[in-house]
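Per-entry structural report
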There are 2 protein chains.
Amino acid sequence: MKKQAIEHTRLLALSLLAGEDMYGYQMIVELARRSNHTFDMKEGTLYPVLHGLEQEGFVEAYRKQAPTGRERKYYHLTRKGEHALREEEAAWKRYSGAVNDVLRGGAEAV
Amino acid sequence: MKKQAIEHTRLLALSLLAGEDMYGYQMIVELARRSNHTFDMKEGTLYPVLHGLEQEGFVEAYRKQAPTGRERKYYHLTRKGEHALREEEAAWKRYSGAVNDVLRGGAEAV
DNA sequence: TTGACATACCTAGAAATACTATGTATAATG
DNA sequence: CATTATACATAGTATTTCTAGGTATGTCAA
């Protein structure tokens, strides 16, 4: 009924690729696992985002044969992408920290 | 250039009203203060959200004269709204926890 | 061997959310 | 008296994510 709120798709995608190269389908499965199924990202969400990241030079794609004989499209995080990841992580920390401050009634300084 | 990502407007609005009744303009100023100016919510964002919350019965509005003589529209969190706030808070904790799990490379269970 | 299911990629259109821009009006201030 | 801050509001736009659909290949049970 209500749309699931996954707004930080880019951050999550970049983060997944930080450890190893992955292909789209794998990223979706991996994300569900790492988030204990809190995130159930849709293909219609991820693929356009990956294409965008590629256009911006944050990831590079290459095709590789799977052991099954099937071809997969792997994504590799570039140096530029690593930099973007660090920035997005910092933005997330700032953002989530601010939400928590507000929930606690404000970082009453002092 | 890039839009600021304030996605949890409802949660933030409900949270602000948890302590005391507030009017819209005050909420924007208060939110900026409590978040150390991380959140600079726009009136075009808040007012429609407040109207929605009112329609759902989460807040009740009443008009009151300010000491300045000017009329303000105060919002009060209803019992139903308090319940909604607790749910949104729980959702936020689940969501932010999951993001952090992914950033750390997954809640590898152990 | 064939039909179902999981894997694997992709895009178009709809829905949700927040922003920009604008309008109105009053109080305070220089 | 003009400008700025306060205070509320809406219309239209932009962005993000979802739904829904399409294509194709590998696996496995009946």
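Residues numbered from 1 in each chain as written. Chains lettered and ligands numbered in written order. Predicted model: local features only at pLDDT ≥ 70, side-chain atom pairs only at ≥ 80, totals over all residues. Heavy atoms only, no water.

Once that is clear, we can look at the overall build of chain A. Tallying secondary structure elements over chain A gives four helices and three strands in all. When its helices and strands are written in sequence order, chain A yields α-β-α-α-β-β-α. For chain A, the exposed surface amounts to about 6,600 Å²; the carbon and sulfur share of it is 51%. (Helix = DSSP H or I, 4+ residues; strand = E, 2+ residues; numbered from the N terminus. Areas by Shrake-Rupley, 256 points an atom, 1.4 Å probe, with all protein chains shown as cover.)

Moving on to the side chain of Ser 15 of chain B. Position of Ser 15 of chain B among the secondary structure elements: in helix 1 (residues 9–19). At 3.4 Å, the side chain of Ser 15 of chain B and the backbone oxygen of Val 102 of chain A are in polar contact. If we ignore the near neighbours within four places in the chain, the residues touching Ser 15 of chain B are Val 102 and Leu 103 of chain A together with Arg 34 and Leu 85 of chain B. (Polar contact = N/O pair within 3.5 Å; in protein donor to acceptor, adjacent residues only side chain to side chain. Contact = heavy atoms within 4.5 Å.)

Residues and elements named next belong to chain A. Spatial strand order, 1-3-2: three strands in an open sheet with antiparallel pairing. In this open sheet, the two edge strands, each paired with only one partner strand, are strand 1 (22–23) and strand 2 (59–65). In this structure, strand 1 lies alongside strand 3 (residues 71–77), joined through two bridges in antiparallel fashion. The partner of Met 22 across the bridge, within strand 3, is Tyr 75. Sheet strands in contact with helix 1 (residues 9–19) are strand 1, strand 2 and strand 3, and its direction is about 95° off that of strand 3. (Pairing = 2+ DSSP bridges. Axes fitted to C-alpha atoms, helices over the stretch in contact; angles between N-to-C directions.)

Think of a sheet as strands paired side by side through backbone hydrogen bonds, with each pair either parallel or antiparallel. All names here are of chain B. The three strands lie next to each other as 1-3-2, forming an open sheet whose pairing is antiparallel. With one partner strand each, in any of the chains shown, strand 1 (22–23) and strand 2 (59–65) form the two edges of the open sheet. The sheet contacts of helix 1 involve strand 1, strand 2 and strand 3 (71–77), and relative to strand 3 the element is tilted by about 95°.

Turning to unusual backbone geometry, a few remarks are in order. Even without a glycine there, the phi angle at Asn 36 of chain A is positive, about 50°. Looking at the element boundaries, Asn 36 of chain A is found in the loop between helix 2 (24–34) and helix 3 (43–55).

The next thing to look at is helix 1 of chain B. What sets the pattern is the α-helix's 3.6 residues per turn: residues three or four places apart point alike. In terms of burial, helix 1 of chain B is a largely internal element, eight of the 11 residues being buried. Looking at helix 1 of chain B, one finds that the buried residues are Thr 9, Leu 11, Leu 12, Ala 13, Leu 14, Ser 15, Leu 16 and Leu 17 of chain B. (Buried < 20%, exposed > 50% of the residue type's maximum accessible area, 1.4 Å probe, protein only.)

All names here are of chain B. Per the stated rule, a full pass over the model turns up 14 salt bridges over all chains. Residues Arg 10 and Glu 88 are paired through a salt bridge, measuring 3.4 Å at the closest nitrogen-oxygen approach. A residue pair is termed long-range when its members are at least 10 positions apart, and Arg 10 in helix 1 and Glu 88 in helix 4 (residues 79–103) qualify at 78 residues. With relative accessibility at 27%, the residue Arg 10 sits in the partly exposed group. (Salt bridge = Lys/Arg side-chain N within 4 Å of Asp/Glu carboxyl O.)

So, about the environment of Val 102 of chain B. Mapped onto the secondary structure, Val 102 of chain B falls in helix 4. With residues near it in sequence (within four places) discarded, Val 102 of chain B still touches Leu 12, Ser 15, Leu 31, Arg 34, Ser 35 and Phe 39 of chain A.

Moving on, we get to the environment of Leu 77 of chain B. All names here are of chain B. Tracing the chain through its elements places Leu 77 in strand 3. Classification of Leu 77 as buried rests on a relative accessible area of 6%. Sequence separation between Leu 77 and Ala 61 is 16 residues; the distance between their C-alpha atoms is 9.1 Å. In this structure, Leu 77 is in contact with Leu 14, Leu 17, Ala 18, Asp 21, Phe 58, Val 59, Glu 82 and Leu 85, ignoring residues within four places of it in sequence.

For the rest of this paragraph, the subject is the packing of helix 1 of chain A against helix 3 of chain A. Residues and elements named next belong to chain A. Closest axis-to-axis distance for the helix 1/helix 3 pair is 10 Å, and the angle between their directions is 75°. Our classification of the angle between helix 1 and helix 3 gives roughly perpendicular. Every residue of helix 3 that contacts helix 1 at Thr 9, Arg 10, Ala 13 and Leu 14 is listed here: Thr 45, Leu 46, Val 49 and Leu 53. Looking at the contact of helix 1 with helix 3, its residues break down into five nonpolar, two polar and one charged. (Parallel < 35°, antiparallel > 145°, perpendicular 65-115°, else oblique. Nonpolar A, V, L, I, M, F, W, Y, C, P; charged D, E, K, R; others polar.)

In this structure the tally under the stated criterion is 11 aromatic pairs over all chains. Ring centres 5.9 Å apart and planes at 45° place the aromatic pair Trp 92 of chain A and Trp 92 of chain B in the tilted group. Of this pair, Trp 92 of chain A sits in helix 4 (residues 79–103) while Trp 92 of chain B sits in helix 4, each in a different chain. As far as the burial class goes, Trp 92 of chain A and Trp 92 of chain B line up, both buried. Here the aromatic residues Phe 39, Trp 92 and Tyr 95 of chain A together with Phe 39, Trp 92 and Tyr 95 of chain B are joined through ring pairs into a cluster of three or more. Directly above the ring of Tyr 74 of chain A sits Lys 64 of chain A, whose terminal nitrogen or CZ lies 5.2 Å from the centroid. (Phe/Tyr/Trp six-rings, centres within 6.5 Å; stacked < 30°, edge-to-face > 60°. Lys NZ or Arg CZ within 6 Å of the ring centre and 35° of its normal.)

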